[in-house]
Amino acid sequence: MVMAEGAAVLRRNRPGTKAKDFYNWQDESFEEMDSTLAVQQYIQQNIRSDCANIDKILEPPEGQDEGVWKYEHLRYGALGECHPDTCTQMTATEQWIFLCAAHKTPKECPAIDYTRHTLDGAACLLNSNKYFPSRVSIKESSVAKLGSVCRRIYRIFSHAYFHHRQIFDKYENETFLCHRFTRFVMKYNLMSKDNLIVPILEEEVQNTSSAGESEA
(Lines give C-alpha, C1' and ligand atoms only; values in the text may rest on other atoms or scores of the structure.)
Protein backbone atom coordinates (compact mmCIF):
# COMPACT_ATOMS: atom_id res chain seq x y z
CA MET A 1 0.00 0.00 0.00
CA VAL A 2 1.42 3.44 -0.96
CA MET A 3 0.51 6.54 1.05
CA ALA A 4 0.35 10.15 -0.12
CA GLU A 5 3.58 12.08 -0.53
CA GLY A 6 4.95 13.24 2.82
CA ALA A 7 3.01 10.59 4.77
CA ALA A 8 4.48 7.44 6.25
CA VAL A 9 4.56 4.45 3.88
CA LEU A 10 2.84 1.34 5.24
CA ARG A 11 4.88 -1.57 3.89
CA ARG A 12 2.29 -4.24 4.42
CA ASN A 13 -0.13 -6.12 2.18
CA ARG A 14 -3.59 -5.44 3.56
CA PRO A 15 -6.17 -8.26 3.75
CA GLY A 16 -7.90 -8.47 0.40
CA THR A 17 -4.98 -7.02 -1.58
CA LYS A 18 -4.90 -8.44 -5.11
CA ALA A 19 -1.82 -10.44 -6.08
CA LYS A 20 -0.86 -7.92 -8.78
CA ASP A 21 -0.75 -5.19 -6.11
CA PHE A 22 1.46 -7.07 -3.62
CA TYR A 23 4.51 -5.10 -2.41
CA ASN A 24 3.32 -2.00 -4.26
CA TRP A 25 5.58 0.46 -2.48
CA GLN A 26 8.93 2.09 -3.13
CA ASP A 27 12.14 0.37 -2.07
CA GLU A 28 14.01 1.68 0.96
CA SER A 29 17.73 2.05 1.37
CA PHE A 30 19.20 -0.11 4.13
CA GLU A 31 19.92 3.02 6.18
CA GLU A 32 16.21 3.88 6.16
CA MET A 33 15.18 0.50 7.55
CA ASP A 34 14.87 1.36 11.25
CA SER A 35 14.13 -2.08 12.65
CA THR A 36 15.85 -5.05 14.28
CA LEU A 37 14.60 -6.99 11.23
CA ALA A 38 16.27 -4.60 8.79
CA VAL A 39 18.63 -7.24 7.38
CA GLN A 40 15.77 -9.65 6.69
CA GLN A 41 13.73 -6.85 5.08
CA TYR A 42 16.67 -5.76 2.94
CA ILE A 43 17.28 -9.30 1.64
CA GLN A 44 13.58 -9.79 0.90
CA GLN A 45 13.44 -6.46 -0.91
CA ASN A 46 16.39 -7.33 -3.15
CA ILE A 47 14.94 -10.75 -3.98
CA ARG A 48 11.56 -9.23 -4.88
CA SER A 49 13.27 -6.57 -6.97
CA ASP A 50 15.20 -9.07 -9.13
CA CYS A 51 15.65 -12.66 -7.96
CA ALA A 52 18.15 -13.26 -10.80
CA ASN A 53 20.55 -10.55 -9.56
CA ILE A 54 22.38 -12.87 -7.16
CA ASP A 55 25.44 -10.64 -6.81
CA LYS A 56 23.28 -7.83 -5.42
CA ILE A 57 21.28 -10.17 -3.18
CA LEU A 58 24.44 -11.63 -1.60
CA GLU A 59 26.29 -8.31 -1.21
CA PRO A 60 25.88 -7.08 2.39
CA PRO A 61 25.40 -3.39 3.19
CA GLU A 62 28.55 -1.56 4.24
CA GLY A 63 29.46 -2.30 7.85
CA GLN A 64 26.96 -5.15 8.20
CA ASP A 65 27.90 -7.87 10.68
CA GLU A 66 28.81 -10.92 8.56
CA GLY A 67 27.43 -13.46 11.03
CA VAL A 68 24.01 -11.79 11.04
CA TRP A 69 24.10 -11.55 7.24
CA LYS A 70 24.78 -15.28 6.83
CA TYR A 71 22.18 -16.15 9.46
CA GLU A 72 19.41 -14.13 7.79
CA HIS A 73 20.13 -15.66 4.38
CA LEU A 74 19.82 -19.13 5.89
CA ARG A 75 16.35 -18.34 7.20
CA TYR A 76 15.13 -18.84 3.65
CA GLY A 77 14.02 -22.41 3.03
CA ALA A 78 14.56 -24.98 0.34
CA LEU A 79 12.35 -27.23 -1.77
CA GLY A 80 11.49 -30.91 -1.93
CA GLU A 81 8.85 -32.81 -3.91
CA CYS A 82 8.66 -36.58 -3.61
CA HIS A 83 6.78 -39.50 -2.04
CA PRO A 84 8.03 -42.06 0.52
CA ASP A 85 7.00 -44.95 -1.75
CA THR A 86 9.08 -43.73 -4.70
CA CYS A 87 11.97 -42.09 -2.82
CA THR A 88 12.64 -44.51 0.01
CA GLN A 89 16.09 -43.01 0.69
CA MET A 90 17.57 -39.52 0.67
CA THR A 91 19.81 -39.90 -2.37
CA ALA A 92 21.56 -37.77 -4.96
CA THR A 93 22.58 -40.01 -7.87
CA GLU A 94 23.55 -43.59 -7.00
CA GLN A 95 26.73 -42.44 -5.27
CA TRP A 96 25.25 -40.40 -2.42
CA ILE A 97 22.96 -41.70 0.33
CA PHE A 98 22.40 -39.30 3.24
CA LEU A 99 21.54 -40.29 6.80
CA CYS A 100 19.03 -38.22 8.74
CA ALA A 101 20.49 -36.58 11.86
CA ALA A 102 17.06 -35.89 13.40
CA HIS A 103 17.10 -39.29 15.13
CA LYS A 104 19.00 -40.30 18.26
CA THR A 105 21.24 -42.36 15.98
CA PRO A 106 21.45 -41.06 12.39
CA LYS A 107 19.62 -43.40 10.02
CA GLU A 108 18.09 -43.60 6.54
CA CYS A 109 14.79 -41.84 5.95
CA PRO A 110 12.50 -41.54 2.92
CA ALA A 111 13.54 -38.38 1.11
CA ILE A 112 10.34 -36.48 1.94
CA ASP A 113 10.79 -37.27 5.66
CA TYR A 114 14.46 -36.27 5.49
CA THR A 115 13.38 -32.95 3.93
CA ARG A 116 10.79 -32.28 6.64
CA HIS A 117 13.17 -33.25 9.44
CA THR A 118 15.96 -31.10 7.99
CA LEU A 119 13.84 -27.99 7.49
CA ASP A 120 12.15 -28.42 10.88
CA GLY A 121 15.57 -28.82 12.53
CA ALA A 122 16.97 -25.80 10.70
CA ALA A 123 13.94 -23.69 11.68
CA CYS A 124 14.26 -24.74 15.34
CA LEU A 125 17.96 -23.92 15.41
CA LEU A 126 17.69 -20.60 13.60
CA ASN A 127 14.79 -19.51 15.82
CA SER A 128 16.50 -20.68 19.02
CA ASN A 129 16.86 -18.01 21.69
CA LYS A 130 19.71 -20.06 23.14
CA TYR A 131 21.92 -19.80 20.06
CA PHE A 132 20.45 -16.75 18.33
CA PRO A 133 18.96 -14.46 20.99
CA SER A 134 19.61 -11.36 18.87
CA ARG A 135 19.08 -10.43 15.22
CA VAL A 136 21.66 -7.63 15.55
CA SER A 137 24.77 -9.49 16.74
CA ILE A 138 25.60 -13.21 16.84
CA LYS A 139 28.29 -15.10 18.75
CA GLU A 140 30.99 -16.86 16.74
CA SER A 141 30.10 -20.16 18.39
CA SER A 142 26.58 -19.83 16.97
CA VAL A 143 27.79 -18.72 13.54
CA ALA A 144 29.88 -21.91 13.44
CA LYS A 145 26.66 -23.97 13.44
CA LEU A 146 25.53 -22.50 10.11
CA GLY A 147 27.83 -24.71 8.03
CA SER A 148 26.10 -27.88 9.22
CA VAL A 149 22.69 -26.38 8.42
CA CYS A 150 23.90 -25.46 4.93
CA ARG A 151 25.16 -28.97 4.19
CA ARG A 152 21.86 -30.56 5.16
CA ILE A 153 19.72 -28.06 3.26
CA TYR A 154 21.91 -28.43 0.18
CA ARG A 155 21.18 -32.17 0.12
CA ILE A 156 17.53 -31.27 -0.57
CA PHE A 157 18.59 -29.33 -3.65
CA SER A 158 20.80 -32.19 -4.84
CA HIS A 159 18.03 -34.76 -4.40
CA ALA A 160 15.56 -32.55 -6.27
CA TYR A 161 18.05 -31.92 -9.08
CA PHE A 162 19.00 -35.55 -9.70
CA HIS A 163 15.65 -37.23 -9.01
CA HIS A 164 12.97 -34.60 -9.71
CA ARG A 165 14.64 -32.59 -12.44
CA GLN A 166 11.50 -31.27 -14.13
CA ILE A 167 10.14 -29.86 -10.86
CA PHE A 168 13.56 -28.54 -9.92
CA ASP A 169 14.01 -26.71 -13.24
CA LYS A 170 10.54 -25.14 -13.11
CA TYR A 171 11.03 -23.86 -9.56
CA GLU A 172 14.61 -22.75 -10.16
CA ASN A 173 13.68 -20.80 -13.29
CA GLU A 174 11.16 -18.85 -11.22
CA THR A 175 13.20 -18.26 -8.07
CA PHE A 176 16.96 -18.88 -8.70
CA LEU A 177 16.95 -20.34 -5.19
CA CYS A 178 19.60 -23.02 -5.77
CA HIS A 179 21.78 -20.54 -7.66
CA ARG A 180 21.54 -18.11 -4.78
CA PHE A 181 22.13 -20.74 -2.10
CA THR A 182 25.13 -22.19 -3.94
CA ARG A 183 26.71 -18.79 -4.49
CA PHE A 184 25.99 -17.95 -0.84
CA VAL A 185 27.78 -20.99 0.62
CA MET A 186 30.72 -20.46 -1.75
CA LYS A 187 31.01 -16.75 -0.95
CA TYR A 188 31.21 -17.40 2.79
CA ASN A 189 33.03 -20.79 2.70
CA LEU A 190 30.17 -22.58 4.43
CA MET A 191 30.58 -25.79 2.41
CA SER A 192 33.36 -27.68 0.71
CA LYS A 193 33.27 -27.39 -3.09
CA ASP A 194 33.54 -31.19 -3.25
CA ASN A 195 30.04 -31.40 -1.76
CA LEU A 196 28.48 -28.98 -4.27
CA ILE A 197 27.37 -31.71 -6.66
CA VAL A 198 24.55 -29.87 -8.46
CA PRO A 199 26.33 -28.58 -11.60
CA ILE A 200 24.26 -25.44 -11.63
CA LEU A 201 27.17 -22.98 -11.69
CA GLU A 202 28.99 -25.06 -14.31
CA GLU A 203 25.94 -24.69 -16.56
CA GLU A 204 25.98 -20.95 -15.91
CA VAL A 205 29.65 -20.71 -16.96
CA GLN A 206 29.02 -22.85 -20.07
CA ASN A 207 26.08 -20.67 -21.10
CA THR A 208 28.17 -17.53 -20.63
CA SER A 209 31.02 -19.02 -22.68
CA SER A 210 28.64 -20.06 -25.46
CA ALA A 211 27.18 -16.55 -25.60
CA GLY A 212 30.69 -15.09 -25.82
CA GLU A 213 31.62 -17.44 -28.67
CA SER A 214 28.45 -16.51 -30.54
CA GLU A 215 29.20 -12.81 -30.21
CA ALA A 216 32.76 -13.41 -31.42
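Residues numbered from 1 in each chain as written. Predicted model: local features only at pLDDT ≥ 70, side-chain atom pairs only at ≥ 80, totals over all residues. Heavy atoms only, no water.

1. What to know about helix H1 (residues 38-49)
Turning to step 1, where the next piece is worked out: An ideal rise of 1.5 Å per residue puts 16 Å on 12 residues; H1 measures up with 16 Å between its terminal C-alpha atoms.
Turning to step 2, where the next piece is worked out: Those residues of H1 not exposed but buried are Ala38, Val39, Gln40, Tyr42, Ile43, Gln45, Asn46 and Ile47.
Turning to step 3, where the next piece is worked out: Structurally, H1 contributes buried residues whose contacts are with helix H2 (54-58), helix H3 (66-74) and helix H8 (177-187). (Helix = DSSP H or I, 4+ residues; strand = E, 2+ residues; numbered from the N terminus. Expected span 1.5 Å × (residues − 1). Buried < 20%, exposed > 50% of the residue type's maximum accessible area, 1.4 Å probe, protein only. Contact = heavy atoms within 4.5 Å.)

2. Notes on the UniProt feature "binding site: Zn(2+)" (unreviewed entry) in the protein
Turning to step 1, where the next piece is worked out: If you check UniProt for "binding site: Zn(2+)" (unreviewed entry), the listed places come out as Cys82, Cys87, His159 and His164 in our numbering.
Turning to step 2, where the next piece is worked out: With respect to the element layout, cysteine 87 can be found in the loop between H3 and strand S1 (90-92).
Turning to step 3, where the next piece is worked out: Checked against the element boundaries, histidine 159 lands in helix H6 (residues 146-163). (UniProt positions renumbered as here; feature names shortened; annotations may be inferred.)

3. Notes on the confidence of the model for the protein
Turning to step 1, where the next piece is worked out: When pLDDT is averaged across the protein, the result is 79; 76% of the residues are at 70 or more.
Turning to step 2, where the next piece is worked out: Here residues 208-216 is modelled with pLDDT under 50, and outside its nearest four sequence neighbours on either side it reaches zero contacts, counting other chains as well. (pLDDT = per-residue confidence, 0-100.)

4. As for the pattern of salt bridges
Turning to step 1, where the next piece is worked out: Scanning all chains against the criterion turns up seven salt bridges.
Turning to step 2, where the next piece is worked out: Note that arginine 116 is salt-bridged to aspartate 113, the shortest N-O span being 3.2 Å. Of the two residues, arginine 116 and aspartate 113 both sit in helix H4 (residues 111-126), three residues apart, roughly one turn of that helix.
Turning to step 3, where the next piece is worked out: By relative accessible area, which is 47% here, arginine 116 ends up partly exposed.
Turning to step 4, where the next piece is worked out: Among the residues examined, aspartate 113 registers a relative accessible area of 23% and is labelled partly exposed. (Salt bridge = Lys/Arg side-chain N within 4 Å of Asp/Glu carboxyl O.)

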